[in-house]
Amino acid sequence: MAVRIDQFEKELNQKRGEFEHIKKNLAECERRISLNKERQKYLIEAQKIIQDVAVSTQSSIVFRINEIVNRVIQGGFPEYSFELAYEVHRNKSEAVMKFYCLDEPIEPTEDSGGVLDLATTGLRFALWSLSNTANIIILDEALKFVSADLRGRAAEILAEICHSLNVQVIMSTHLEEVIEKADTVIKVKKKGKYSSVM
């Protein structure tokens, strides 16, 4: 009977030791959970700050891009407008371009090619204005899809934007309505394999 009591005490002491070890592990786990909850709280606060800054920055950029693109589009097509908007999909911001005619949404590829031509030209100016690059934009036949009766006005709008943004545009074109609005014209003629300035 004494052996059984000794064995029982030995097992009891062993179980007490295991219990103390589990208690320490539990306390350590609870401490880590508490630290992680605190970190999570700070991460959520940091994420909120970053999202607020991103929204503010995106709003500023969107305003600038929309302003420039609409100035260019409406120079040729006053009834059309453009809107760049940021939408959140799967926790990520995505830029979405929308076009309107008389405030009705349209699919620009199914409408006038001139609107797209002006929109892409406006986007070039807008993106250039957001960058930190030289004051030169090179355009190749930028207004070729704008109807002939609107090209002169569209070229005037481009000239106004160039002056307001302090940017020089080098544009290759054969369109007389655009050439007439240029500050400087350099004519190039192809002779055989080579081109030469006239």
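Residues numbered from 1 in each chain as written. Predicted model: local features only at pLDDT ≥ 70, side-chain atom pairs only at ≥ 80, totals over all residues. Heavy atoms only, no water.

### A few points about the overall build of the chain
The helix and strand tally for the chain stands at four helices and seven strands. Of the regular secondary structure in the chain, the N- to C-terminal order runs α-β-β-β-α-β-α-β-α-β-β. Taking 198 residues into account, the globule formula puts the C-alpha radius of gyration at 16 Å, and the chain, at 34 Å, lies well above it. The dimensions of the chain, computed from C-alpha atoms along their principal axes, are 120 × 45 × 30 Å. The buried share of the chain, taken over its 198 residues, is 25%. Long-range contacts, defined as pairs at least 24 residues apart, comprise 55% of the intrachain contacts of the chain with a sequence gap of at least 6. (Helix = DSSP H or I, 4+ residues; strand = E, 2+ residues; numbered from the N terminus. Rg over C-alpha atoms; globule rule 2.2 N^0.38 Å. Buried < 20%, exposed > 50% of the residue type's maximum accessible area, 1.4 Å probe, protein only. Contact = heavy atoms within 4.5 Å.)

### Quick word on the sheet that holds strand β2 (residues 92-101)
A sheet is described by the order of its strands in space; here three strands give the open sequence β1-β2-β3, paired in antiparallel fashion. Because the sheet does not close on itself, it has two edges, and the strands there are β1 (80-89) and β3 (104-106). Recorded for the sheet is a direction-independent mean angle of 45° between the axes of neighbouring strands. The pairing of β1 with β2 spans 10 bridges and is classified as antiparallel. In the sheet register, F82 faces β2, and the bridge partner there is F99. Against the sheet, helix α2 (residues 113-130) contacts β1 and β2, and its axis sits at roughly 140° relative to β2. (Pairing = 2+ DSSP bridges. Axes fitted to C-alpha atoms, helices over the stretch in contact; angles between N-to-C directions.)

### What to know about the nonpolar core
Residues V69, I73, F82, L118, F125 and L143 are the most contacted members of the largest nonpolar core, which totals 33 residues. Listed by contribution, the elements that provide at least two residues to this core are α1 (2-76), β1, α2, β4 (136-140) and α3 (148-165). When neighbours within four sequence positions are excluded, L118 is seen to be in contact with V72, I73, G76, F77, L143, V146 and A154. (Core = buried A, V, L, I, M, F, W, Y, C linked by side-chain atoms within 4.5 Å.)

### Let's talk about the packing of aromatic side chains
Overall, the coordinates contain two aromatic pairs when judged by the stated rule. Seen from their ring centres, F82 and F99 are 5.3 Å apart, and the 65° between their planes marks the pair as edge-to-face. Highlighted residues: F82 in strand β1 and F99 in strand β2, separated in sequence by 17 residues. Considered together, F82 and F99 belong to a single accessibility category, that of buried residues. (Phe/Tyr/Trp six-rings, centres within 6.5 Å; stacked < 30°, edge-to-face > 60°.)

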